[in-house]
Amino acid sequence: MVKSPDSPDNVFSEWVALPDGRRIRVMAYEDGSIRFRVDGAPYVLAEAFLSGSSQDKAILKLSPGKNGSAAYRNWVADKTAKTDASE
């Protein structure tokens, strides 16, 4: 894949392992933007606090969804299948 000349250069990239085996990749770019890559999709954006004063923090919360959502049902089915397969 050819990089667009307008795309900012990646200046940081690191994987974080979660206790349940999922991984999150955090990437930072020279233009100040940040990108997250999360294993275990699908997710629902549950919270987003993105603006405020310079003392505020940006917060994003991803969730497999609440009971009844398709994302939650898929997450539960996947976890059940993995548990059943390991027994």
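Computed from a predicted structure; not experimentally measured.

## Re the overall build of the protein
Right, so step 1: Check the secondary structure of the protein and you find 1 helix and 5 strands.
Right, so step 2: Ordered by position from the N terminus, the helices and strands of the protein form the series β-β-β-β-β-α.
Right, so step 3: By the burial criterion, 7% of the 87 residues in the protein qualify as buried.
Right, so step 4: Split by element, the accessible area of the protein, about 7,100 Å² in all, is 55% carbon and sulfur.

## Overview of the pairing of strand β3 (residues 34–38)
Right, so step 1: Where strand β2 (residues 23–29) meets β3, 5 bridges bridge the pair, whose relative direction is antiparallel. Among the inter-strand pairings, R25 is bridged to a residue of β3, identified as R37.
Right, so step 2: Hairpin connection between β2 and β3: a loop of 4 residues separates the two successive antiparallel strands, and G32 in this loop has a positive phi of roughly 95°.

## Here's the deal with the pattern of salt bridges
Right, so step 1: Following the criterion strictly, the structure yields 2 salt bridges and no others.
Right, so step 2: A salt bridge links R22 to D20; the nearest nitrogen and oxygen atoms lie 2.8 Å apart.
Right, so step 3: With relative accessibility at 25%, the residue R22 sits in the partly exposed group.
Right, so step 4: Taking relative accessible area as the criterion, D20 reaches 38% and is therefore assigned partly exposed.
Right, so step 5: Across the salt bridge formed by R23 and D39, the nearest N and O atoms sit 3.5 Å from each other. Of this pair, R23 sits in strand β2 while D39 sits in the loop between β3 and β4 (44–49); the two residues are 16 residues apart in sequence, bridging distant segments of the chain.

## Points about the packing of aromatic side chains
Right, so step 1: Enumeration according to the criterion identifies 0 aromatic pairs in this entry.
Right, so step 2: Note that R23 overlies the ring of W15, its terminal NZ or CZ placed 3.8 Å from the centroid.

## Quick notes on the sheet that holds β2
Right, so step 1: Strand order in the open sheet formed by 3 strands is β1-β2-β3, and the pairing between neighbours is antiparallel. Looking along the sheet, the strands with just one partner apiece sit at the ends: β1 (10–17) and β3. Within the sheet, the average angular offset between the axes of one strand and its neighbour, ignoring direction, is 15°.
Right, so step 2: In this sheet, β2 lies alongside β1 in antiparallel orientation, the contact comprising 7 bridges. Residue pairing for β2: E14 is matched across the bridge by V26.

Conventions we followed
Residues numbered from 1 in each chain as written. Predicted model: local features only at pLDDT ≥ 70, side-chain atom pairs only at ≥ 80, totals over all residues. Heavy atoms only, no water. Helix = DSSP H or I, 4+ residues; strand = E, 2+ residues; numbered from the N terminus. Buried < 20%, exposed > 50% of the residue type's maximum accessible area, 1.4 Å probe, protein only. Areas by Shrake-Rupley, 256 points an atom, 1.4 Å probe, with all protein chains shown as cover. Pairing = 2+ DSSP bridges. Salt bridge = Lys/Arg side-chain N within 4 Å of Asp/Glu carboxyl O. Phe/Tyr/Trp six-rings, centres within 6.5 Å; stacked < 30°, edge-to-face > 60°. Lys NZ or Arg CZ within 6 Å of the ring centre and 35° of its normal. Axes fitted to C-alpha atoms, helices over the stretch in contact; angles between N-to-C directions.

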